[in-house]
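The primary structure of each chain is shown beneath.
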Amino acid sequence: MVMVIISVGVGHPPKDEPMWHTDAAPGKDSTTWIYFPDYRYDLEEGGETQFILDDEIYGIIPQPNRMISFPAQVLHRATSLRTRYRFTVAIKYDFTQHR
């Protein structure tokens with residue numbers, strides 16, 4: 001099953017308070033890809049995608065035209081930008097049904 005989610009501002013307005021979550025249940029062989037289509041980025045805006053790995057928080061900044069992928073079971077959140085909407089395309093794929 002392929003599920004494509006396009007976040008266009010509705011889920012990530014400026015100064016939004018994001019929640020930690022996973023994109024798949026434990027035991028699923030699933031992957032999430034996030035694409036950052038925005039044409040500009042300012043480090044002072046924030047907007048990174050944060051992950052919790054080994055009790056540490058890591059962030060990936062939304063560089064224009066960047067795509068990241070990670071196991072869908074990893075705890076993560078999308079932080080908001082300070083002054084404008086955060087635009088992303090998220091693609092979630094469950095390999096479990098195809099192996």
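Our structure is the block above this text.
Quantities reported herein were computed from a predicted structural model and do not represent experimental measurements.

> Whenever I open this one, empty space enclosed by the protein confuses me. Can you help?
Empty pockets left among the atoms are what a rolling probe the size of a water molecule brings to light. According to the stated counting rule, one finds one cavity of 30 Å³ or more in the structure shown. Volume-wise, the largest cavity comes out at about 60 Å³. Lining the largest cavity are F36, D38, R40, Y41, P62, L81, R84, Y85, R86 and F87. Here the residues of the lining of the largest cavity sort into six nonpolar, no polar and four charged.

> What is the right way to read the sheet that holds strand 6 (residues 76–78) from this model?
Ordered by their spatial adjacency, three strands build an open sheet running 4-3-6, and the pairing between neighbours is antiparallel. Each of the sheet's edge strands pairs with one partner strand only, and the pair in question is strand 4 (56–60) and strand 6. For this sheet, the mean angle separating the axes of adjacent strands, direction not counted, is 20°. Pairing analysis gives three bridges linking strand 3 (residues 49–53) to strand 6, with the strands arranged antiparallel. Bridge assignment links F51 to a residue of strand 6, and that residue is H76.

> What should I look at first to understand the nonpolar core in this one?
Side chains of nonpolar character tend, in soluble globular proteins, to be buried together. I34, F36, F51, I68, F70 and V74 form the largest nonpolar core, which has six residues in total. Looking at this core, the elements that each hand over two or more residues are strand 2 (30–36) and strand 5 (66–71). If we ignore the near neighbours within four places in the chain, the residues touching F36 are T49, P62, Q63, P64, N65, R66, I68, R86, F87 and T88.

> Help me understand the packing of aromatic side chains, please; the structure alone is not making it clear to me.
Scanning the entire structure with this criterion turns up two aromatic pairs. Both rings, one in F51 and one in F70, keep their centres 4.8 Å apart while their planes meet at 75°; by these two values the pair is edge-to-face. Of this pair, F51 sits in strand 3 while F70 sits in strand 5, and the two are 19 residues apart along the sequence. The pair formed by F51 and F70 is uniform in burial state, with each residue classed as buried. Ring centres of Y93 and F95 lie 4.6 Å apart, and the angle between their planes is 70°; this geometry places the pair in the edge-to-face category.

> Help me understand the pattern of salt bridges in this model?
Working definition: two side chains of opposite charge can pair if their charged atoms are close together. Applying the stated criterion to the full structure yields two salt bridges. The shortest N-O distance in the salt bridge between K92 and D23 comes to 3.3 Å. Here D23 lies in the loop between strand 1 (2–8) and strand 2 and K92 lies in strand 7 (residues 87–94), a separation of 69 residues in the sequence. In this structure K92 comes out as buried when scored by relative accessible area, which is 16%.

What counts, and where the lines are drawn
- Residues numbered from 1 in each chain as written.
- Predicted model: local features only at pLDDT ≥ 70, side-chain atom pairs only at ≥ 80, totals over all residues.
- Heavy atoms only, no water.
- 1 Å grid on protein atoms, 1.4 Å probe; cavity = no way out; pocket = protein on both sides within 12 Å on 5 of 7 lines; lining within 4 Å.
- Points joined across faces, edges and corners; volume = space filled by probe spheres on them.
- Nonpolar A, V, L, I, M, F, W, Y, C, P; charged D, E, K, R; others polar.
- Pairing = 2+ DSSP bridges.
- Helix = DSSP H or I, 4+ residues; strand = E, 2+ residues; numbered from the N terminus.
- Axes fitted to C-alpha atoms, helices over the stretch in contact; angles between N-to-C directions.
- Core = buried A, V, L, I, M, F, W, Y, C linked by side-chain atoms within 4.5 Å.
- Buried < 20%, exposed > 50% of the residue type's maximum accessible area, 1.4 Å probe, protein only.
- Contact = heavy atoms within 4.5 Å.
- Phe/Tyr/Trp six-rings, centres within 6.5 Å; stacked < 30°, edge-to-face > 60°.
- Salt bridge = Lys/Arg side-chain N within 4 Å of Asp/Glu carboxyl O.

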